[in-house]
Amino acid sequence: TRTALAAVFEEFVPDSGERRQLEGPLLQLLGFEDRSGAERGELFAAWRTFFERIAEAGPVVLVFEDLQWADEGLIDFIEDLLAWSRGRPIYIITLARPELLDRRPTWGAGQRGFTSLGLEPLGDEEMLELLNGLVPGLPDAAVRTIVARAEGVPLYAVETVRMLLNDGRIEEADGIYRPTGDLAELAVPETLHALIAARLDGLDAAERALLQDAAVIGLTFSGEALSAVSGVSPAEIEQRLRHLAQRELVVLEDDPRSPERGLYRFVQGLIKEVAYGMLARRDRRARHIAAARYFEAIGDDDLAGVLAEHYVEAYRAQPDGEEGAAVAAQARVALRAAAAHARGLGSPARALAYLQTAIEITAEPADELELRTDAGDAAVGAGRLEGASTHFERAVELATAQGADGARRRAIAALAHVFTEGRQEQARRLLTEALAEPGLTPDDEGYVDLAEAMATILMRSGDHAEAVRYCDQALPAAEAQQRTELTVELLITRGVSLSNRNRTIESLATLTGAMEIAERHNLPDPVFRAAINLSYAIEPEDPRAGLDAVRSALGRARRVGRRWAIRYLVGNACEAAIQMGDWDWSLEQIREASRDDDEAPERLWFGSMETQIAAARGMDVDERVAELRRLAEGFDDPQFRGLAVAAGVSAALASGRYRDVVERVLSIGPHAQGAVDNGPPQAYRGALRLGDANMIRRQLETYAGARRGRRTTADREAMEGGLAALEGRRADARARYLEALRLHRELDLPWMLAQTGLEATIAGAFEGSERQRLADETRVILERLGARPYLEELNRALGSRTAETGRGPDAGAGAGAGADERTSPNEALAPRRG
């Protein structure tokens with residue numbers, strides 16, 4: 001160091017006498033000599049002279065970081081340098097927190113050329129740029145987590161990355177950082193904890209305690225709440241908070257647009273965490289209970305969640321002993337109230353979270369049984385079927401152990417309803433065993449729950465006569481027990497089974513009445529289910545009326561957050577809208593409904609419809625179809641399996657794999673009414689293009705079991721028209737297709753009209769100008785929908801010179817062997833024998 005100092009002197013202080021005068025004070029400044037007897041003025045003069053000599057050769061920049069930690073002598077020297085060396089090109093930068101002003105309130109006052117800059121937190125974009133420069137290749141999810149955690153403070157981001165590297169949760173490989181551990185939860189790095197703790201230790205005891213009390217309340221807090229927790233008067237609270245705001249530890253929210261206007265909040269969440277962590281557990285419990293009592297006294301239902309959180313944290317701080325048990329009991333009461341409030345606001349997922357927390361702090365089996373039942377219901381509403389089955393299975397165990405027969409039967413029925421969505425055989429076995437209980441009668445507690453669940457399973461699996469029998473057996477008991485909601489559910493199940501048995505008028509009357517009763521008694525779930533099944537019952541007659549039946553219910557289901565209802569309502573609405581040619585509207589509904597939801601039923605349901613539209617527009621959807629088939633393998637419900645088949649059929653039809661179309665339809669079999677109603681028309685489309693008259697005959701036989709209505713009549717007429725064309729009955733083919741087209745126009749179903757128009761053109765059912773008019777009408781619809789593969793097929797059918805030719809991938813297989821799947825209309829219509 002002496003050698004380096006000598007080299008600096010040689011360059012900037014040529015006078016040897018001056019050099020001797022400066023050397024001692026500078027060595028003391030560097031910590032190499034002790035000149036405790038030297039006067040401060042002498043030392044300051046020597047140091048100042050040294051920097052002035054350097055400034056004579058060029059501008060000098062002096063940077064002092066964290067000046068708030070500096071001793072008084074250093075601060076005095078900086079002020080001395082500013083005052084006495086103002087004629088020299090010396091630029092001084094000091095970085096300090098607002099705490100410096102507590103020690104030196106006049107810092108910078110009266111100094112010429114003094115400028116103060118407040119450094120605001122960086123925005124998210126700047127933080128992203130910083131992180132990408134610091135650790136290029138860090139996964140997006142990790143970057144977002146760190147940016148959110150740092151809250152605009154670069155040091156926080158840097159230290160968090162260092163912590164993750166030290167912990168082995170991210171590692172570098174070839175210049176790319178990859179996560180090797182869980183990044184969802186990020187603790188405060190020790191380096192940051194020490195830094196923030198040092199800032200808090202620098203406060204006087206009263207202000208530090210106040211900040212700890214505020215940390216108990218939350219990230220934002222009012223002076224009134226802080227007064228209630230701390231016991232300090234409101235006037236004194238305001239005075240201390242102003243000082244803490246000056247030190248940039250808290251800030252007052254004064255944005256008139258903010259709902260938190262007038263509240264204080266911590267400048268950074270990390271400050272709150274460190275302040276909270278400095279509290280002893282006993283102190284945490286006492287303060288959380290004080291906060292809970294304050295919010296309880298307000299009596300605002302909107303604060304139910306906040307109240308519950310404070311009781312829970314009070315319990316977690318010290319869970320042992322009688323006092324801990326008493327706090328746990330208060331917490332459970334508060335959590336159930338918060339769950340009820342969340343359900344009322346349409347947030348079953350939030351209600352589920354509250355109830356699961358209540359279960360965690362419950363020791364009594366009777367309390368757990370009640371909470372498990374409520375949690376299962378909330379999980380169903382949130383669309384979390386796996387979670388629901390877990391809660392109901394545990395409820396069955398608890399009720400059995402307690403000998404609570406009614407509760408056990410109700411829990412079994414609820415569990416069976418969950419199993420209905422994909423595990424129907426398991427549900428049927430469960431219910432069959434429960435209903436075989438010796439001596440069980442319709443008057444016994446829980447019987448009607450079991451019977452209603454069994455009726456639903458039977459209806460969903462196609463055993464409609466038996467479903468009606470169970471409904472008729474359970475309805476008198478349900479009414480006698482004044483179980484209105486269960487009575488309505490039984491009526492809905494009965495109405496659906498009646499529809500599937502082609503007792504249409506009776507079905508519509510039953511479902512309409514059930515919906516009216518549900519509305520009158522304010523039973524939202526039965527209202528949704530009635531609307532879903534009413535649209536299903538109306539659809540064969542009029543898809544547009546079916547859509548109207550679900551529109552209002554869909555809006556309501558979204559408001560109350562019932563995921564299961566949204567899935568079916570959107571599904572029914574979009575099935576109708578696809579026929580009507582409202583494809584873009586359907587995609588909007590699907591994307592809205594599937595947002596932030598990764599449950600398998602939603603992915604299968606919405607993915608199927610989205611894929612059908614994409615395929616019709618000529619997109620490559622084979623990977624999507626494969627994924628849907630994998631999802632469907634997890635369900636034994638024919639309705640769910642049919643969704644994957646429908647997507648595959650649409651993809652195969654649009655890409656010219658007509659044998660695949662037929663085989664996919666046949667793969668599901670007529671086990672569900674949906675397969676009977678929708679499968680044969682699709683198989684016919686493939687068979688027509690293959691010239692397979694025998695297959696169309698088979699599909700017409702199956703379609704005899706379809707529900708009756710104008711839409712299904714139109715499909716049947718089209719199928720008959722195609723068969724007549726293949727058999728050379730031209731006049732009959734024309735008449736059948738004309739009737740199908742008339743019904744599609746009457747029902748205003750453009751997509752169905754376009755498909756029938758295309759098929760009639762392929763079949764050669766019309767000639768001359770009549771054929772051209774139909775082709776023009778079909779073309780307009782297909783162009784509007786963007787159905788490119790079908791436009792190309794129309795061109796080929798019309799003999800366009802630009803039509804593509806070539807053998808289809810399945811050509812030569814099965815019936816119609818030797819025919820190109822994309823053959824010319826005349827070849828396709830040659831009579832065949834299967």
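Just so you know, these numbers come straight off a predicted model, no measurement behind them.

Novice: Where do I start with the overall build of the chain in this structure?
Specialist: Helix and strand counts for the chain stand at 41 helices and seven strands. Against the 2.2 N^0.38 benchmark of 28 Å for 834 residues, the chain shows a C-alpha radius of gyration of 38 Å, more extended than a compact globule. Each principal axis of the C-alpha atoms in the chain carries an extent, and together these give about 125 × 75 × 45 Å. Within the span of the chain, comprising 834 residues, buried residues form 51% of the whole. Excluding contacts between residues fewer than 6 apart, the proportion of contacts in the chain whose partners are at least 24 apart in sequence is 63%. Split by element, the accessible area of the chain, about 38400 Å² in all, is 49% carbon and sulfur. Measuring between centres, the 100 positive side-chain charges of the chain sit 5 Å from its 136 negative side-chain charges.

Novice: What's the story with the packing of aromatic side chains in this structure? I'm lost.
Specialist: The relative placement of two aromatic rings is captured by the distance of their centres and the angle of their planes. If you walk through the whole model with that rule in mind, you get eleven aromatic pairs. A centroid spacing of 5.1 Å and a plane angle of 70 degrees characterise the contact between tyrosine 294 and phenylalanine 295, whose relative ring orientation is edge-to-face. As far as the burial class goes, tyrosine 294 and phenylalanine 295 line up, both buried. Site record: aromatic cluster; members linked through ring pairs are Phe44, Trp47 and Phe77. Arginine 469 extends its terminal NZ or CZ atom over the ring of tyrosine 470, reaching a point 4.9 Å from the ring centre.

Novice: Whenever I open this one, the sheet that holds strand 6 (residues 250-252) confuses me. Can you help?
Specialist: Sheet strands pair by backbone hydrogen bonding; their relative direction is either parallel or antiparallel. Strand order in this open sheet of three strands is 5-7-6, and the pairing throughout is antiparallel. A strand with exactly one partner marks an edge of an open sheet, and here the two such strands are strand 5 (220-221) and strand 6. Both strand 6 and strand 7 (residues 264-266) contribute to a ladder of three bridges, which runs antiparallel. In the sheet register, leucine 252 faces strand 7, and the bridge partner there is tyrosine 264.

Novice: Just to check I follow, could you spell out helix 21 (residues 424-435) for this structure?
Specialist: Given 3.6 residues per turn, any residue in an α-helix points the same way as the ones three and four places further on. With twelve residues, helix 21 should cover 16 Å at 1.5 Å per step; its first-to-last C-alpha distance of 16 Å lies within 8% of that length. Taken together, the buried residues of helix 21 touch helix 20 (405-420), helix 22 (447-460), helix 23 (464-480) and helix 32 (638-654).

Novice: Help me understand the nonpolar core in this model?
Specialist: Across soluble globular proteins, nonpolar side chains have a tendency to be buried as a group. Core analysis: the biggest nonpolar cluster contains 179 residues, and Leu569, Leu604, Tyr737, Trp751 and Tyr790 have the highest contact counts within it. Leaving out residues up to four positions away in the same chain, leucine 569 has contacts with Phe528, Ala531, Ile532, Val550, Ala553, Leu554 and Ala557.

Novice: In this structure, what is going on with the confidence of the model for the chain? I would like to understand it.
Specialist: For any part of a model where pLDDT is low, the fine detail of the predicted coordinates should not be relied upon. On average, residues of the chain carry a pLDDT of 85, and 92% of them reach 70 or more. Predicted confidence is poor over residues 800-834, with pLDDT under 50, and the contacts of this stretch with residues over four places away or in other chains come to 64 contacts.

Novice: Whenever I open this one, a negative patch on the surface confuses me. Can you help?
Specialist: Residues Asp124, Glu125, Glu126 and Glu129 make up a contiguous surface patch of negative charge. Note that glutamate 125 resides in helix 6 (residues 124-134). The exposure class assigned to glutamate 125 is exposed, which follows from its relative accessible area of 60%.

Novice: Explanation requested: the pairing of strand 1 (residues 60-64) in the structure shown.
Specialist: Where a strand is regular, its side chains alternate between the two sheet faces. What you see with strand 1 is a clean split: Val60, Leu62 and Phe64 sit on the buried side and Val61 and Val63 on the side with no burial. When strand 1 meets strand 2 (residues 90-94), the two strands line up parallel, connected through five bridges. Looking at strand 2, one finds that valine 60 is bridged to isoleucine 90. Read as a crossover between parallel neighbours, the route from strand 1 over helix 4 (residues 72-84) to strand 2 is right-handed.

Novice: Even after reading the chapter, I still don't get the packing of helix 28 (residues 563-579) against helix 29 (residues 583-594), so can you show me in this structure?
Specialist: Between two packed helices, what matters for the description is the angle formed by their axes and the separation of those axes. Between helix 28 and helix 29, the shortest axis-to-axis distance is 9 Å and the interhelical angle comes to 170 degrees. By the criterion of interaxial angle, the relationship of helix 28 to helix 29 is roughly antiparallel. The residues of helix 29 that touch helix 28, namely those facing Arg563, Ile566, Val570, Ala573, Cys574, Ala577 and Ile578, are Trp583, Trp585, Ser586, Gln589, Ile590, Ala593 and Ser594. Within the contact of helix 28 with helix 29, the residues separate by chemical class into ten nonpolar, three polar and one charged.

Novice: Where do I start with the side chain of glutamine 268 in this structure?
Specialist: As for its placement among the helices and strands, glutamine 268 is situated in the loop between strand 7 and helix 13 (269-277). Among residues more than four places away in sequence, those in contact with glutamine 268 are Glu151, Val153 and Tyr156.

Novice: Looking at this structure, I do not really get the environment of tyrosine 684. What am I missing?
Specialist: If you trace the backbone, tyrosine 684 turns up in helix 34 (residues 673-690). Here tyrosine 684 falls in the buried class, since its relative accessible area comes to 1%. Spatially, the C-alpha atoms of tyrosine 684 and arginine 698 are 9.3 Å apart, while their sequence positions differ by 14 residues. Once residues lying within four places of it in the same chain are set aside, the contact partners of tyrosine 684 are Ile696, Gln699, Ala718, Met719, Gly722, Tyr737 and Glu759.

Novice: Help me understand the packing of helix 27 (residues 543-560) against helix 29 in this model?
Specialist: The geometry of helix 27 relative to helix 29 is characterised by a closest axis approach of 13 Å and an angle of 30 degrees between their N-to-C directions. Relative to helix 29, the element helix 27 is oriented roughly parallel. Here the hand of the crossing between helix 27 and helix 29 comes out left-handed. Listed contacts from helix 29 to Leu547, Arg551, Leu554 and Arg558 of helix 27 are Trp585, Gln589, Glu592 and Ala593. When its residues are assigned to classes, the contact of helix 27 with helix 29 shows four nonpolar, one polar and three charged.

Novice: I'm lost on a nonpolar patch on the surface in this one. Help?
Specialist: Among the surface-exposed residues, Val61, Val63, Tyr91 and Leu95 lie close enough to one another that they form a single nonpolar patch of about 390 Å² accessible area. Structurally, valine 63 is set in strand 1.

Novice: What am I meant to see in the environment of threonine 432 here?
Specialist: Tracing the chain through its elements places threonine 432 in helix 21. Looking at threonine 432, the relative accessible area reads 43%, which means it is partly exposed. For the pair threonine 432 and methionine 454, spaced 22 residues apart in the sequence, the C-alpha separation amounts to 8.0 Å. At 2.7 Å, the side chain of threonine 432 and the backbone oxygen of arginine 428 are in polar contact.

Novice: I would appreciate a short explanation of the pattern of salt bridges in the present structure.
Specialist: Opposite charge on two side chains allows them to pair when their charged atoms are near. This structure, assessed with the given rule, holds 60 salt bridges. The shortest N-O distance in the salt bridge between glutamate 236 and arginine 240 comes to 2.1 Å. Of this pair, glutamate 236 and arginine 240 both sit in helix 12 (residues 234-246), four residues apart, roughly one helical turn. For arginine 707, the salt bridge identified is with aspartate 677, shortest N-O distance 2.7 Å. Remark: aspartate 677 occurs in helix 34 and arginine 707 occurs in the loop between helix 35 (693-703) and helix 36 (710-726); sequence separation between them is 30 residues. Connected via shared salt-bridge partners are Glu541, Asp542, Arg710, Glu739, Arg742 and Glu746.

Novice: Looking at this model, I keep getting lost on the side chain of serine 650. Mind explaining?
Specialist: Within the element layout of this structure, serine 650 appears in helix 32. Beyond its immediate stretch of four places on either side in the chain, serine 650 contacts Gln612, Ala615, Gln682 and Tyr790.

Novice: What's the story with unusual backbone geometry in this structure? I'm lost.
Specialist: For residues besides glycine, phi is generally negative; the peptide bonds are generally trans as well. Its identity as a non-glycine residue notwithstanding, asparagine 502 has a phi of 65 degrees, on the positive side. Among the secondary structure elements, asparagine 502 is positioned in the loop between helix 24 (484-500) and helix 25 (504-520). Its relative accessible area of 15% is what places asparagine 502 among the buried residues.

Novice: Explain helix 35 here, please?
Specialist: Considered for burial, the residues of helix 35 that qualify are Ala693, Met695, Ile696, Gln699, Leu700 and Tyr703. For helix 35, the angular spread of buried residues about the axis comes to 155 degrees, placing them on one side. For helix 35, the capping residue at the N-terminal end is aspartate 692, with a side-chain oxygen 3.4 Å from the backbone nitrogen of asparagine 694.

The rules we used
Residues numbered from 1 in each chain as written. Predicted model: local features only at pLDDT ≥ 70, side-chain atom pairs only at ≥ 80, totals over all residues. Heavy atoms only, no water. Helix = DSSP H or I, 4+ residues; strand = E, 2+ residues; numbered from the N terminus. Rg over C-alpha atoms; globule rule 2.2 N^0.38 Å. Buried < 20%, exposed > 50% of the residue type's maximum accessible area, 1.4 Å probe, protein only. Contact = heavy atoms within 4.5 Å. Areas by Shrake-Rupley, 256 points an atom, 1.4 Å probe, with all protein chains shown as cover. Lys, Arg positive; Asp, Glu negative; His and termini not counted. Charge placed at Lys NZ, Arg CZ, Asp CG, Glu CD. Phe/Tyr/Trp six-rings, centres within 6.5 Å; stacked < 30°, edge-to-face > 60°. Lys NZ or Arg CZ within 6 Å of the ring centre and 35° of its normal. Pairing = 2+ DSSP bridges. Expected span 1.5 Å × (residues − 1). Core = buried A, V, L, I, M, F, W, Y, C linked by side-chain atoms within 4.5 Å. pLDDT = per-residue confidence, 0-100. Patch = residues over 30% accessible without salt bridge, like charges linked within 9 Å, V, L, I, M, F, W, Y side chains within 5 Å. Salt bridge = Lys/Arg side-chain N within 4 Å of Asp/Glu carboxyl O. Right-handed = clockwise from strand over helix to strand, strands pointing away. Axes fitted to C-alpha atoms, helices over the stretch in contact; angles between N-to-C directions. Parallel < 35°, antiparallel > 145°, perpendicular 65-115°, else oblique. Nonpolar A, V, L, I, M, F, W, Y, C, P; charged D, E, K, R; others polar. Left-handed = near helix turned anticlockwise from the far one by under 90°. Polar contact = N/O pair within 3.5 Å; in protein donor to acceptor, adjacent residues only side chain to side chain. Arc of directions from axis to C-beta.

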